[in-house]
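So the chains spell out like this:
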Amino acid sequence: MKYAVLLDQVKTYNPSTYHATRNYTNGDVTAWSPYISRGFLNPLLVMEALKSKYNKQAWIGFMQQMAWREYFQRVWQNKGDFILEDLKSNQTDVLLKNLPIPIKESRTGIDAIDVSIIQFYKDGYLHNHQRMYISMLHSNIFKAAWLPGAQWMYAHLLDHDPAANFLSWQWVAGTFSSKKYVANQDNINKYTNTKQTKTFLDTEYENLPNAIFDSSGHLKPNLIAAWKQSEGQFLDQPFELDTIQIVKKLISKNEYPIFDLGRLDNTLPFCIYNSFNLDPLWHAGEKVNRILLVEPGHYAKFPVAENVMQFIIDLGVSNIPDLQIFVGSFEALKNSIDKDVIEKMGSNENTIIKINKPLIYFKEHPTTIHYRGIQEERDWLFPEIDGYYPSFFGYWKKCERFLK
Ligand SMILES: Cc1cc2nc3c(=O)[nH]c(=O)nc-3n(C[C@H](O)[C@H](O)[C@H](O)COP(=O)(O)OP(=O)(O)OC[C@H]3O[C@@H](n4cnc5c(N)ncnc54)[C@H](O)[C@@H]3O)c2cc1C
């Protein structure tokens, strides 16, 4: 995607029908999250564009969803890695430790969900309601611990974002909300335009907790047959992925511009990009060295699939001039570029020699806490509201005061 093409989409988007239709899988949603999450499309710029053409009534529903994103970012900023643990209360009624195989293999038997998972593997995108259906099926019907499912979904999302993803999974599992979220077949049919009946979700809400397991935790006989389970066979599997191997393969296959000290100018500052900051307008037009940092430590904690990594690199390389890719830690990058720069001033007899270090710029983000150099702020829709709020609605109440 070229930045100019995306900007055209922003300029022509009409948010008036967003609020009324956004819950339907064919509703007027934007699919901009892969660009917003990658720090490529600035939420401030989006809202300014909408506000310049439409009245508050037209854009407020869209703004509220953008505020959800920002809310999750603030929780992550305040809670750090605790977003990977049950945040408010422990997940209850857990029977499986890992990712249910019928979900991973898109053969749950719920057509709308299976089709969305097949498509998801292809294009890395899921509608919000599909994400909610998959995660409720995983955590509240299959009764699997939420984290492996969240890691699996994260890995395949072009818009992967630890805050939005892990906290939404926790919201569905009831560990970051007051109750678990469930949906039955009627609800799924309504929002996905399907008409399926006679599934294990085709039941009243009070039966959903026992939709696939009986009260002693055994899989129901018809589902044993449907999922070709035999006695003692596992219904779930750990989720594992080695992103750094994927990166190395992609670099050798695509001839991406890898880090080359010979092509750098040490007398110029360095701008450090990562998968959360691919902002094409950042220090645009300035003479700087531009490095996309791919840290193995980060991807060991938050692995992503091959098409996702390819998306990140392509987006960066095709929109940020002379971007070079460095695979290694920030520390290792710093050691390679942090050479003395000798500056000579004055005439021959009175030459003053100054020894400088190159300037390193990066943007504030939970993934850049260990970077060293000049930290610059991200753009926030609500910069004033920066603490931890236990619920979105408390946060949104504060936001509303700053809405114009
Ligand atoms: C289980 C689960 C996992 C999720 N994982 C992610 C994730 O990894 N990354 C991610 O960006 N979003 C995630 N979301 C939130 C939401 O589903 C996506 O942001 C949205 O579907 C993106 O599609 P869109 O750009 O068409 O959204 P639109 O409806 O067009 O919304 C515009 C923008 O607003 C923001 N937004 C909208 N809804 C939400 C929401 N509920 N929470 C946070 N931000 C929102 C996004 O930046 C989005 O691009 C998750 C939601 C659930 C339920």
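Model, not experiment: these values are computed from the prediction.

Rules and cut-offs
Residues numbered from 1 in each chain as written. Predicted model: local features only at pLDDT ≥ 70, side-chain atom pairs only at ≥ 80, totals over all residues. Helix = DSSP H or I, 4+ residues; strand = E, 2+ residues; numbered from the N terminus. Rg over C-alpha atoms; globule rule 2.2 N^0.38 Å. Buried ≥ 20, exposed ≤ 12 C-beta atoms within 10 Å, placed from the backbone. Contact = placed C-beta atoms within 7 Å. Axes fitted to C-alpha atoms, helices over the stretch in contact; angles between N-to-C directions. Left-handed = near helix turned anticlockwise from the far one by under 90°. Nonpolar A, V, L, I, M, F, W, Y, C, P; charged D, E, K, R; others polar. Parallel < 35°, antiparallel > 145°, perpendicular 65-115°, else oblique. Pairing = 2+ DSSP bridges. Near = placed C-beta within 6 Å. Domains from an automatic or database assignment. Expected span 1.5 Å × (residues − 1). Core = buried A, V, L, I, M, F, W, Y, C linked by C-beta atoms within 7 Å.

1. As for the overall build of the chain
Scanning the chain from terminus to terminus reveals 17 helices and nine strands. Taken over the C-alpha trace, the chain has a radius of gyration of 24 Å; the compact-globule value for 404 residues is 22 Å, and the two agree within 12%. Per-residue burial for the chain yields a buried fraction of 36% across its 404 residues. Within the chain, residue pairs in contact and separated by at least 24 positions form 68% of the contacts whose partners lie at least 6 positions apart.

2. Focus: the packing of helix α8 (residues 128-141) against helix α9 (residues 146-156)
Running from N to C, α8 and α9 cross one another at 150°; their axes reach a closest spacing of 9 Å. Crossing hand, α8 versus α9: right-handed. Here α8 contributes Arg131, Ile134, Ser135, His138 and Ser139 to the contact with α9, which in turn contributes Trp146, Gly149 and Met153. Looking at the contact of α8 with α9 residue by residue, the class counts come to three nonpolar, four polar and one charged.

3. Comments concerning the packing of helix α13 (residues 243-254) against helix α15 (residues 306-319)
The N-to-C vectors of α13 and α15 enclose an angle of 55°; their axes lie 10 Å apart at closest approach. Taken together, α13 and α15 sit at an angle that is classed as oblique. Helix-helix and strand crossings are classified by hand; for α13 and α15 the assignment is right-handed. Residues Thr243, Ile246, Val247 and Leu250 of α13 lie in contact with α15, whose contacting residues are Glu306, Met309, Gln310 and Ile313.

4. What to know about the sheet that holds strand β5 (residues 323-327)
Spatially, β5-β4-β3-β8-β9 is the arrangement adopted by the five strands of the open sheet, whose pairing is parallel. Looking at strand neighbours, the two that pair on one side only are β5 and β9 (374-376), the edges of this open sheet. The sheet shows a mean angle of 30° between the axes of neighbouring strands, direction not considered. Relative to β9, strand β8 (residues 360-363) runs parallel, the two sharing three bridges. The residue bridging Tyr361 from the neighbouring strand is Ile374, located in β9.

5. Observations concerning the site of the ligand
Around the ligand sit 28 residues, and of these Thr30, Ser33, Arg69, Asn165 and Ser168 come closest. Secondary structure elements with two or more residues in the shell around the ligand: α3 (33-37), α5 (56-79), α8 and α10 (162-173). Class assignment of the residues belonging to the shell around the ligand gives a composition of 13 nonpolar, 10 polar and five charged. Summarising the domain contributions, the shell around the ligand has at least three residues from each of domain 1 (3-83) and domain 2 (85-237).

6. Here we look at the domain arrangement of the chain
Domain boundaries assigned for the chain yield domain 1 (3-83), domain 2 (85-237) and domain 3 (243-372). The straight-line distance from the C-alpha centre of domain 1 to that of domain 2 is 26 Å. Counting residues at the interface gives 17 residues for domain 1 and 18 residues for domain 2. Going through the elements one at a time, α3 and α5 are the ones with two or more residues in the side of domain 1 that touches domain 2. For the side of domain 1 that touches domain 2, the per-class residue count stands at nine nonpolar, six polar and two charged.

7. Remarks on α8
For α8, with 14 residues, the first-to-last C-alpha span of 19 Å sits near the 20 Å given by 1.5 Å per residue. A large share of α8 lies buried, amounting to 13 of its 14 residues. Immediately beyond the C-terminal end of α8, within one or two residues, lies Lys143, with a positive phi of roughly 55°.

8. Describing the pairing of strand β4 (residues 289-294)
Burial runs high along β4: five of the six residues are buried. For β4 and β5, the ladder comprises five bridges, and the chain directions are parallel. Bridging across to β5, Ile291 finds its partner in Gln324.

9. Quick look at the nonpolar core
Counting 89 residues, the largest nonpolar core has Leu167, Ile272, Tyr273 and Leu293 as the members making the most contacts within it. Take this core: its biggest share by element is nine residues, from α5. Dropping the residues within four chain positions of it, Tyr273 is found in contact with Leu278, Arg290, Ile291, Leu292, Leu293, Gly316, Ile320 and Leu323.

10. Topic: the pairing of β8
Relative to β8, strand β3 (residues 270-273) runs parallel, the two sharing two bridges. Following the sheet pairing, Phe270 is matched in β8 by Ile360.

11. What about unusual backbone geometry?
Even without being glycine, Ser106 reaches a positive phi, approximately 45°. Here Ser106 is to be found in the loop between α6 (101-104) and α7 (111-123). Positive phi outside glycine occurs at Asp322, with the angle close to 55°. Inspection of the secondary structure puts Asp322 in the loop between α15 and β5. The class of Asp322 is exposed, set by 12 C-beta atoms lying within 10 Å.

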